[in-house]
Amino acid sequence: MEHPGRKAFVSAIVFLGALVILVPFYMILVNSFKGIRESALFGMGLPSTWNLDNYKEVFDKGNILRGFKNSFLISGLVVVCVTLFASMAAFVIQRRDDRFMRSAYLTFIMGLIVPVSIVPTIRLMGELHIRGTYLSLVMYYTAVLLPFAVFLLVGFMKQIPRELDEAALLEGCGYFRLYWRIILPLLVTVLVTVTIVVMVSVWNDFFGPFYLMTDSTKWTIVLQIFNFVSLYNTNWGIVFAFMVIVIAPILLVYLLLQRYIIDGLTAGSVKG
């Protein structure tokens, strides 16, 4: 039987953790309805006058539709690349248990630990003449997020019995057909998790587009906020309103599909 004091302590820790996460969201939301003077104080109180002009300004001058288009395009392409390549790599790594595949898997694991070096990345993009293109960002995010996806999928693949592969091969099924028609449908749960994690990571990232995207017409929605921040005069009410608009779609997706994230992470890490 669990001790009541321990349960109360855990509940208090969870409550404090929730406050740490929710308080910044609350501050952004309430300040998005304040005027330029009141929002500059970064206060936690409700606005003296609820002002919707900040949101009107964002839609009028923020290039928000173009930013959403760029973010959805880049995020969608990265999701397709990561899920496809990671599932293929996990299938081969898990089914071919030899020295080369173990070394390849350890290389992917190193990608989870070694930090990204942005200066060599910029130079490489320049040498390939792709810096400032959608391709450069898609390749960058795919390389950064692929190790996590491979790690999760390899762990999940371990619970899929090899007898299923052998039965399919005896029936004349080729390896690619085996992967596409049998293995891939079994990975749906963990692939949904990978999709959500990748989508959130790409959508919320600022530094990748900031360093690699030289063309402002291809900036993502997060980078569009940069247009409203200046050194000497910043209307923080507009900035906060822009942040609410940026966060809202991905937060809604996360809240609706968080169950799949928990189930996929559990299946890929614990059962593996």
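Residues numbered from 1 in each chain as written. Predicted model: local features only at pLDDT ≥ 70, side-chain atom pairs only at ≥ 80, totals over all residues. Heavy atoms only, no water.

## Some details on the packing of aromatic side chains
1) Next: Considering all chains together, one arrives at 17 aromatic pairs under this definition.
2) Next: Centroid distance Phe72 to Trp203: 4.9 Å. Interplanar angle 65 degrees. Geometry classified as edge-to-face. With Phe72 in helix α4 (residues 64-95) and Trp203 in helix α10 (residues 188-204), this pair connects stretches of sequence that are 131 residues apart.
3) Next: Here Phe72 falls in the partly exposed class, since its relative accessible area comes to 45%. (Phe/Tyr/Trp six-rings, centres within 6.5 Å; stacked < 30°, edge-to-face > 60°. Helix = DSSP H or I, 4+ residues; strand = E, 2+ residues; numbered from the N terminus. Buried < 20%, exposed > 50% of the residue type's maximum accessible area, 1.4 Å probe, protein only.)

## With respect to the packing of α4 against helix α5 (residues 99-113)
1) Next: Running from amino to carboxyl end, α4 crosses α5 at an angle of 135 degrees, the nearest separation of the two axes being 9 Å. When the axis of α4 is compared with that of α5, the two are oblique. Crossing angle aside, the handedness with which α4 passes α5 is left-handed. Judged by residue contacts, Ala89, Val92 and Ile93 of α4 engage Met101, Tyr105 and Phe108 from α5.
2) Next: Each residue belonging to the contact of α4 with α5 can be placed in one class, and the counts come to six nonpolar, no polar and no charged. (Axes fitted to C-alpha atoms, helices over the stretch in contact; angles between N-to-C directions. Parallel < 35°, antiparallel > 145°, perpendicular 65-115°, else oblique. Left-handed = near helix turned anticlockwise from the far one by under 90°. Contact = heavy atoms within 4.5 Å. Nonpolar A, V, L, I, M, F, W, Y, C, P; charged D, E, K, R; others polar.)

## Here we look at the UniProt feature "transmembrane region" (unreviewed entry) in the protein
1) Next: Within this numbering scheme, the UniProt entry marks residues 9-29, 72-93, 105-126, 138-157, 178-203 and 236-257 as carrying the feature "transmembrane region" (unreviewed entry).
2) Next: Summarising residues 236-257: 100% helix, 0% strand, and an end-to-end C-alpha distance of 31 Å. (UniProt positions renumbered as here; feature names shortened; annotations may be inferred.)

## A word on the confidence of the model for the protein
1) Next: For the protein, per-residue confidence averages 83 on the pLDDT scale, and residues scoring 70 or more make up 91% of the total.
2) Next: The secondary-structure element of the protein with the lowest mean pLDDT is helix α13 (residues 236-269), recorded at 74, while α4 shows the highest, at 92. (pLDDT = per-residue confidence, 0-100.)

## Remarks on the nonpolar core
1) Next: In this structure, Val78, Val82, Val150, Leu187, Val198 and Ile221 are the most contacted members of the largest nonpolar core, which totals 65 residues.
2) Next: Setting aside residues no more than four positions away along its own chain, Val78 makes contact with Val138, Tyr141, Thr142, Leu145, Val198 and Val202. (Core = buried A, V, L, I, M, F, W, Y, C linked by side-chain atoms within 4.5 Å.)

## Section: unusual backbone geometry
1) Next: In this structure, Phe42 is a non-glycine residue whose phi angle is positive, near 55 degrees.
2) Next: Assignment of secondary structure puts Phe42 in the loop between α2 (36-39) and α3 (53-61).
3) Next: Although it is not a glycine, His129 adopts a positive phi angle of roughly 60 degrees.
4) Next: Among the structural elements, His129 can be located in the loop between α6 (118-127) and α7 (134-157).

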